[in-house]
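These are the residues of each chain, in order.
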Amino acid sequence: HKIVILQGNFGQTRIPMSRKAGFGRIVLAPLLYLFLFIFPVISWFSQNNRNVDTSAINKILKEADEAYQHEDDPESFNLAKKALTASKRADFKEGEALACRYMARVHSNRFEFDSAISCYHQAQSLYKELNKKKEYYNIFNNLGVIYGRQSDFIRSLEYFKLAYKG
């Protein structure tokens, strides 16, 4: 058996090759090199480049909240939507979750309860992923309010109980 030595950024890799495996020497060695050395470096680089400055997104979220406090639902919704897009692009999960919550508030004010519930569930799944328990259980309270506004008091009570457990 012949041994092919691949030299990469993180050392050497020895790959045994049989003499009969002409195809293996030509195709498999470069493929193994890609999987062992190149792809991990690219993956590491792309993950570490996600450290994006989130201050601009946080500013948009603050403006969305202020617009909501001043009862300017269209402006609040547009800003929250803008923050959601920017958060997704920057892989800023906390910004995504907060933007979803802000959008849900506006949907709820417009009596668009299905959309509000959907946005709250999106935010809740993000908070679960981030292990933000307080925010996660707070969503149950918000859902309880929405179901109460729809006169679905049994479901509303179930969500309030879930919020209380948190």
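Residue positions within a chain follow its written sequence, with the count starting from 1. Under the rules for a predicted model, residues below a pLDDT of 70 receive no local features and side-chain atom pairs below 80 are neither given nor counted, while totals for whole chains, interfaces and linings still include all residues. In computing side-chain properties, one takes all heavy atoms of the structure into account and sets aside hydrogens as well as water.

Chemist: Could you give an account of the overall build of the protein, naming the residues involved and the relevant values?
Modeler: Check the secondary structure of the protein and you find seven helices and two strands. Runs of E in the DSSP output that reach at least two residues are strands. Runs of H or I that reach at least four are helices, and both are numbered from the N terminus. For the protein, the succession of helices and strands along the chain, N to C, is β-β-α-α-α-α-α-α-α. Once local pairs closer than 6 in sequence are excluded, the contacts in the protein between residues at least 24 apart make up 45%. Contacts between residues were defined by any pair of non-hydrogen atoms, one from each residue, lying within 4.5 Å.

Chemist: Give a description of unusual backbone geometry that names residues and reports values.
Modeler: The phi dihedral of Glu 71 is positive, around 60°, even though this residue is not glycine. For Glu 71, the location among the structural elements is in the loop between α2 (55-69) and α3 (73-90).

Chemist: Which residues make up the nonpolar core, and what values go with them?
Modeler: Here, the term nonpolar core denotes a set of buried Ala, Val, Leu, Ile, Met, Phe, Trp, Tyr and Cys residues that are joined through side-chain atoms within 4.5 Å. Each residue is placed in one exposure class: buried if its accessible area under a 1.4 Å probe, protein chains only, is under 20% of its type's maximum, exposed if it is over 50%, and partly exposed if it falls in between. Judged by nonpolar contacts, the single largest core of 36 residues is most densely connected at Ile 57 and Leu 143. Mapped onto this core, the elements with two or more residues apiece are α2, α3, α4 (93-109), α5 (113-130), α6 (133-149) and α7 (153-165). Each residue touching Leu 143, except ones within four places of it in the same chain, is listed here: Ile 117, Tyr 120, His 121, Gln 124 and Tyr 159.

Chemist: So, a negative patch on the surface: which residues are in play, and what are the values?
Modeler: A contiguous patch of negative charge on the surface is contributed by Glu 63, Glu 66, Asp 72 and Glu 75. Within the secondary structure layout, Glu 75 lies in helix α3. Residues enter patches when their relative accessible area tops 30% and they take part in no salt bridge; the joining distance is 9 Å for like charges and 5 Å for the nonpolar side chains Val, Leu, Ile, Met, Phe, Trp and Tyr. The Shrake-Rupley method, run with a 1.4 Å probe sphere, supplies the accessible areas, and residue values consider only the shown protein chains as cover. Counted as salt bridges are all cases of a side-chain nitrogen of Lys or Arg within 4 Å of a carboxyl oxygen of Asp or Glu. In this charge count, Lys and Arg are treated as positive and Asp and Glu as negative; neither His nor the chain ends contribute. A charged residue contributes its charge at one atom only: NZ of Lys, CZ of Arg, CG of Asp or CD of Glu.

Chemist: Outline the confidence of the model for the protein, listing residues and values.
Modeler: When pLDDT is low, close inspection of the predicted coordinates is not appropriate. Averaged over every residue, the pLDDT of the protein is 80; residues scoring 70 or more account for 69%. As a per-residue measure, pLDDT reflects the predictor's confidence and takes values from 0 up to 100. At the low end of the mean pLDDT range in the protein sits helix α1 (residues 22-48), at 47; at the high end sits α5, at 96. Contacts of residues 21-25 to residues separated by more than four positions or lying in other chains number nine contacts, the stretch itself having pLDDT below 50. The low-confidence segment residues 39-49, where pLDDT is below 50, has five contacts with residues more than four positions distant or belonging to other chains.

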